[in-house]
Structures are given as structure tokens and as C-alpha cells.
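Residue-level structure breakdown
This is what each chain is made of:
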Amino acid sequence: MTERLDKQIAFLNEADKLKTVLRGTTLCDASRAENSAEHSWHLTLYALVLADQAGPEVDINRVIKMLILHDLVEIDAGDNPIFGDYDAVEMEAQEQIAADRIFGLLPDDLRDDLRSIWEEFEAAESPTARFAKSLDRFQPPMQNLASGGGSWTDYNVSEAQIEEKVGRKIAIGAPALWSYARARISSFFAGVGA
């Protein structure tokens with residue numbers, strides 16, 4: 001029993017490091033950069049509040065698990081902003097190594113269970129994972145809109161780039177959310193150019 005608890009607490013202590021990983025997205029009030037732990041928490045709240053946007057085959061409880069776990073690998077691999085400059089293949093390799101190490105801290109049964117949830121999210125093949133991925137792509141634009149442009153300004157992002165890199169991914173798992181976001185994003189860029 002003590003050995004199991006030691007492993008569980010070691011994992012939880014390691015997960016605390018996610019609070020130190022800064023993201024490219026600012027908070028809604030633009031006061032500072034969001035950290036990855038805040039992002040994960042906020043996404044779980046998005047899942048609870050926007051559950052009515054999920055299809056009937058989506059398991060919201062599993063979505064919440066995916067969203068609280070999905071960025072743990074950033075403890076080792078760091079955050080790679082979607083509009084930043086990075087090698088996607090190298091990033092994926094680093095994240096797999098990080099997943100091995102971080103989930104490997106857990107007792108075997110928990111390691112296998114939580115790692116499989118993370119893998120399902122990464123693959124984005126199930127309706128549940130596609131909805132979770134959609135929320136992960138939906139939240140940053142909502143924060144950028146609230147903060148007056150946020151990381152879009154920092155990365156000199158165009159509306160077309162948002163459509164290509166974010167819009168398609170949101171639309172796959174949550175088409176109504178993409179319609180909502182697209183209208184507001186278009187209004188934002190129309191106002192910037194005015």
C-alpha cells in the first residue's frame with residue numbers, strides 16, 4: 001500500500017510542474033501568459049459547460065479526463081504554440097518520451113489507464129477524442145478575442161491561418177463551436193483592418 005501511494009504522490013508532485021510551463025496564449029484579461037496547468041483546468045470547465053455541443057456518442061467524463069491529462073507531457077517537452085515555429089515530428093517524439101517518463105511514475109494499472117486516455121486524445125480518432133481536441137483548439141481563440149488579439153498579435157496571425165490551423169480541427173468535433181468562433185474571429189479581423 002505504501003509503495004503504491006508513494007508512486008501516486010510522486011506522479012502528482014511531478015504534475016505540479018505543469019504550473020511552470022508558460023503558453024503562448026494570455027489570460028482573457030491579457031495580464032500575463034497562461035500556464036499549461038491553467039489551460040488544462042480551463043478546458044475541463046469548457047467541457048462541463050459546453051457538453052451540450054458534443055454529439056450523443058461523446059463521453060464527457062472521458063473528455064474531462066483527456067483534457068486534464070493532455071498537456072502533462074509539456075513538463076518535459078514544453079509548449080509549442082500552434083502558430084509558432086517548431087518541427088512537429090520532433091515535438092511528437094519528445095512528447096512520447098515525456099509520456100513514457102511521466103506516466104511511468106505511476107503504478108502499472110494507473111500508468112496503463114491514464115496513458116491510454118492520453119493516447120486516445122492524441123490520436124483523435126474517437127468521437128470523444130475529436131470533441132476534446134476541438135475544445136483544446138476552441139479555447140485559445142476565445143481567450144485571444146477576450147484579450148484583444150493576444151497571441152494572434154504576437155505571432156502576426158491572419159484570419160486565413162486561424163481557419164487553416166484551428167478552424168478545421170474545431171469543426172471536426174464541434175461544428176457549431178467553429179461557426180460561433182468563425183463569426184467572432186471574422187468580426188475581430190474586420191475591426192482590426194478598419
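Just above, that's the structure.
Keep in mind that this is a model prediction, so the values were computed, not measured.

Okay, the overall build of the chain next. Along the backbone of the chain there are ten helices and two strands. Its helices and strands in sequence order give the chain the pattern α-β-β-α-α-α-α-α-α-α-α-α, from N to C terminus. Relative to a compact globule of 194 residues, whose C-alpha radius of gyration would be 16 Å, the chain shows 17 Å and is just as compact. The C-alpha extent of the chain, read off along each of the three principal axes, is 65 × 35 × 30 Å. Split into buried and exposed, the 194 residues of the chain put 44% on the buried side. When contacts within the chain are restricted to residue pairs at least 6 apart in sequence, long-range pairs at least 24 apart make up 69% of them. Counting 19 positive and 33 negative side-chain charges, the chain places the centres of these two groups 2 Å from one another.

Attention now moves to unusual backbone geometry. It is generally the case that most residues other than glycine have a negative phi and that most peptide bonds are trans. Despite not being glycine, Ala30 shows a phi value in the positive range, around 60°. Mapping Ala30 onto the fold places it in the loop between strand E1 (22–26) and strand E2 (33–35). Within the chain, Ala124 stands out as a residue other than glycine whose phi angle is a positive 50°. With respect to the secondary-structure elements, Ala124 resides in the loop between helix H6 (108–123) and helix H7 (127–146). Look at Ala124 and you get partly exposed, because its relative accessible area is 25%.

The biggest cluster of nonpolar side chains holds 46 residues, and the ones touching the most others in it are Val63, Phe103, Leu135 and Ile162. Those elements that provide at least two residues to this core are helix H2 (36–49), helix H3 (60–69), helix H5 (88–103), H6, H7, helix H9 (159–173) and helix H10 (175–193). For Leu135, the contacting residues outside a window of four places in its chain are Leu43, Tyr46, Ala47, Leu50, Val63, Leu67 and Leu177.

A few words now on the packing of aromatic side chains. Given two aromatic rings, one states the distance between the centres and the angle between the planes to describe the pair. Taken as a whole and assessed by the stated rule, the structure comprises seven aromatic pairs. Arranged with centres 6.4 Å apart and planes meeting at 55°, the rings of Phe138 and Tyr180 form a pair that is tilted. Placement of the pair is Phe138 in helix H7 and Tyr180 in helix H10, with a sequence separation of 42 residues. Seen from their ring centres, Trp152 and Phe189 are 5.7 Å apart, and the 35° between their planes marks the pair as tilted. Taken as a pair, Trp152 in helix H8 (residues 150–154) and Phe189 in helix H10 lie far apart in primary sequence, 37 residues in all.

What the rule picks out here adds up to 17 salt bridges. Residue Lys7 is joined to Glu3 by a salt bridge in which the shortest nitrogen-to-oxygen separation is 3.7 Å. Here Lys7 pairs with Glu3, and both are found in helix H1 (residues 2–15), just four residues apart, close to one helical turn. Under the relative-accessibility criterion, Glu3 is labelled exposed at 56%.

Judged by side-chain polarity, Trp41, Leu45, Leu48 and Val49 come together as a nonpolar surface patch covering roughly 430 Å² of accessible area. Assignment of secondary structure puts Trp41 in helix H2.

Buried residues dominate E1, accounting for four of its five residues. Both E1 and E2 contribute to a ladder of two bridges, which runs antiparallel. Across the sheet, the residue bridging to Leu22 is Asn35, located in E2. Once E1 ends, the chain turns through six residues before running back antiparallel as E2, passing Ala30 with a positive phi of about 60°.

Each value, and the rule that gives it
- Residues numbered from 1 in each chain as written.
- Predicted model: local features only at pLDDT ≥ 70, side-chain atom pairs only at ≥ 80, totals over all residues.
- Heavy atoms only, no water.
- Helix = DSSP H or I, 4+ residues; strand = E, 2+ residues; numbered from the N terminus.
- Rg over C-alpha atoms; globule rule 2.2 N^0.38 Å.
- Buried < 20%, exposed > 50% of the residue type's maximum accessible area, 1.4 Å probe, protein only.
- Contact = heavy atoms within 4.5 Å.
- Lys, Arg positive; Asp, Glu negative; His and termini not counted.
- Charge placed at Lys NZ, Arg CZ, Asp CG, Glu CD.
- Core = buried A, V, L, I, M, F, W, Y, C linked by side-chain atoms within 4.5 Å.
- Phe/Tyr/Trp six-rings, centres within 6.5 Å; stacked < 30°, edge-to-face > 60°.
- Salt bridge = Lys/Arg side-chain N within 4 Å of Asp/Glu carboxyl O.
- Patch = residues over 30% accessible without salt bridge, like charges linked within 9 Å, V, L, I, M, F, W, Y side chains within 5 Å.
- Areas by Shrake-Rupley, 256 points an atom, 1.4 Å probe, with all protein chains shown as cover.
- Pairing = 2+ DSSP bridges.

As far as function goes, none of this settles anything; it's purely spatial.
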